[in-house]
Amino acid sequence: MEAIVYEEFGGPEVLHLTETEDVHPGPGQIRVKVRAAGVNPVDHKIRNGWMEAAFPTPLPAVPGSEFAGVVDGTGEGVTAFATGDEVLGRSVTGAYAAYVLADADAVAPKPDGLGWEEAAALPVATATAARVLDELAVAAGDTLLLHGAAGAVGSAAVQLAAARGATVIGTASPANHDYLRVLGAFPVAYGEGLVDRVRTVAPEGVDAVFDAAGRGALADSVELRGGTAERIVTIADPDAAGYGVAFSGGGGARTGEGTRLAEYARQASVGELRVSIARAFALRDAAKAQELSEAGHVRGKLVLLPGER
């Protein structure tokens, strides 16, 4: 089957399209013909070798984890899905490929009203956003400061936090401020003077900080929390420990992930959860997609389309 592979750690130039061995489902697994695969910032970090402590990666490797596609095989014991079902989820094999394997309990049915690109954009962003909001114990009445609010994870987190009854202040470039208002956040520009800008919006301070950007905002975040790192979590800043801030690395699927993903997919299919696609690439252009992701400032999600030429 066709897949994007890299044999060594490095820049996007190490990625290439090649033929690899087919994958076959084991017990409790399904095989899916991929219609769209999500591109996430963690993909280029793993490719560079920066995440070996958290995600040891045997080489050669196929990048990516989230996908949407059509079931074309099931393993022993799988009763929830059958050949021909349209699904989305996270794979146990690399998602930048024509086919993936996935644990059946980490997969959800794709609603008819949800496009392939939007479906592939949901699994990682929603799971990451929900996990960190839980770690921060964000609840009704809280004021949450969210760095990188216009990205895929940030956009999901804005909406999920607002649904919990929290007030969300989102940092982003001015070009994305109208977009954040639509999502339900109060936008502020990042960079020098951030503390004063946030205090103008929230004079009584912020209750929690979610850093989805990793662009040096932790010192300001600690200051805005009154000098404490309590209730600050980053998913992107490698300097977290230096500020006493918790780093949330995530990892594999959590119990019940398929059920939660099914609900997010339903919400997205009826417009209750907005999913923004920044750009779609053919599978062979995965290096270009990762290069754009690594440059940052992407509004919404980048996706790959294995069927496109």
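Right above here is the structure, for reference.
Residues numbered from 1 in each chain as written. Predicted model: local features only at pLDDT ≥ 70, side-chain atom pairs only at ≥ 80, totals over all residues. Heavy atoms only, no water.

Hey, could you run me through a negative patch on the surface in this one?
Taken together, the side chains of Glu7, Glu8, Glu13 and Glu291 make up a negatively charged region of the molecular surface. Looking at the secondary structure, you find Glu13 in the loop between β1 (2-5) and β2 (16-19). (Patch = residues over 30% accessible without salt bridge, like charges linked within 9 Å, V, L, I, M, F, W, Y side chains within 5 Å. Areas by Shrake-Rupley, 256 points an atom, 1.4 Å probe, with all protein chains shown as cover. Salt bridge = Lys/Arg side-chain N within 4 Å of Asp/Glu carboxyl O. Lys, Arg positive; Asp, Glu negative; His and termini not counted. Charge placed at Lys NZ, Arg CZ, Asp CG, Glu CD. Helix = DSSP H or I, 4+ residues; strand = E, 2+ residues; numbered from the N terminus.)

Teacher, can you tell me more about helix α9 (residues 286-295) here?
For the α-helix, the turn length of 3.6 residues means that residues three or four positions removed from each other point alike. Every buried residue of α9 is accounted for by Ala286, Ala289, Gln290 and Ser293. Buried residues along α9 cover an arc of 95 degrees about the axis, so they all sit on one side. As for α9, its buried residues are in contact with β1, β3 (29-39), α1 (41-47), β14 (277-282) and β15 (301-305). Directly after α9, the chain includes Gly296, whose backbone phi takes a positive value near 80 degrees. (Buried < 20%, exposed > 50% of the residue type's maximum accessible area, 1.4 Å probe, protein only. Arc of directions from axis to C-beta. Contact = heavy atoms within 4.5 Å.)

It is not clear to me how the pattern of salt bridges should be interpreted in this structure. Could you clarify?
Working definition: two side chains of opposite charge can pair if their charged atoms are close together. Taken as a whole, this structure holds 13 salt bridges when the rule is applied. Among the ionic pairs, Asp72 bridges to Arg31, the shortest N-O distance being 2.9 Å. Here Arg31 lies in strand β3 and Asp72 lies in strand β4 (residues 66-74), a separation of 41 residues in the sequence. As a salt-bridge pair, Glu272 and Arg266 come within 3.1 Å of each other at their nearest N and O atoms. Accessibility expressed as a relative area gives 35% for Arg266, which makes it partly exposed. Taken together, the salt bridges that share partners define one network made up of Glu263, Arg266 and Glu272.

Teacher, can you tell me more about the sheet that holds strand β9 (residues 167-171) here?
Think of a sheet as strands paired side by side through backbone hydrogen bonds, with each pair either parallel or antiparallel. Here 6 strands make up an open sheet; going across it, the order is β10-β9-β8-β11-β12-β13 and the pairing parallel. In this open sheet, the two strands that pair with only one neighbour each are β10 (186-188) and β13 (246-247). Where β9 meets β10, 3 bridges bridge the pair, whose relative direction is parallel. By the bridge assignment, Gly170 is partnered in β10 with Pro187. Together, β8 (143-147), β11 (208-211) and β12 (232-234) form the strand contacts of helix α3 (residues 123-135), whose direction differs from that of β11 by roughly 150 degrees. Sheet strands in contact with helix α4 (residues 152-163) are β8, β9 and β11, and its direction is about 170 degrees off that of β8. (Pairing = 2+ DSSP bridges. Axes fitted to C-alpha atoms, helices over the stretch in contact; angles between N-to-C directions.)

Teacher, can you tell me more about α4 here?
For α4, built from 12 residues, the straight-helix expectation of 16 Å at 1.5 Å per residue is met to within 8% by its first-to-last C-alpha distance of 17 Å. Among the 12 residues that make up α4, 9 are buried, leaving the element largely enclosed by the rest of the structure. The set of residues buried in α4 consists of Val153, Gly154, Ser155, Ala156, Ala157, Val158, Gln159, Leu160 and Ala161. Contact partners of the buried residues in α4: α3, β8, β9, α5 (177-183), β11 and α8 (257-269). Immediately downstream of α4, the backbone of Gly165 shows phi near 95 degrees, a positive value. (Expected span 1.5 Å × (residues − 1).)

How should the pairing of β14 be read in this particular structure?
For a regular strand, side chains alternate in direction, first toward one face of the sheet and then toward the other. Relative to β15, β14 is paired through 5 bridges, and the arrangement is parallel. Opposite Ala280, over in β15, you have Val303 as the bridge partner. One crossover worth recording links β14 to the parallel β15 by way of α9, and it is right-handed. (Right-handed = clockwise from strand over helix to strand, strands pointing away.)

Is there a simple way to think about the side chain of Asn40 in this case?
Looking at the element boundaries, Asn40 is found in the loop between β3 and α1. Residue class for Asn40 comes out buried when judged on its relative accessible area of 5%. Reaching out from Asn40, the side chain makes a polar contact with the side chain of Lys301 at a distance of 3.2 Å. Setting aside anything within four residues of it in sequence, one finds Asn40 in contact with Glu66, Val124, Ser293 and Lys301. (Polar contact = N/O pair within 3.5 Å; in protein donor to acceptor, adjacent residues only side chain to side chain.)

In this structure, what is going on with unusual backbone geometry? I would like to understand it.
Note on backbone geometry: most residues besides glycine have negative phi, and most peptide bonds are trans. In the segment running from Leu59 into Pro60, the intervening peptide bond is cis, with an omega of -5 degrees. If you trace the backbone, Pro60 turns up in the loop between α1 and β4. Phi is positive for Ala137, which is not a glycine, with a value near 55 degrees. Tracing the backbone shows Ala137 in the loop between α3 and β8. Judged by its relative accessible area of 49%, Ala137 is partly exposed. Despite not being glycine, Arg231 has its phi angle at roughly 60 degrees, a positive value. In this fold, Arg231 is placed in the loop between α7 (218-224) and β12.

Note that all results are geometric; they support no functional claim without further evidence.
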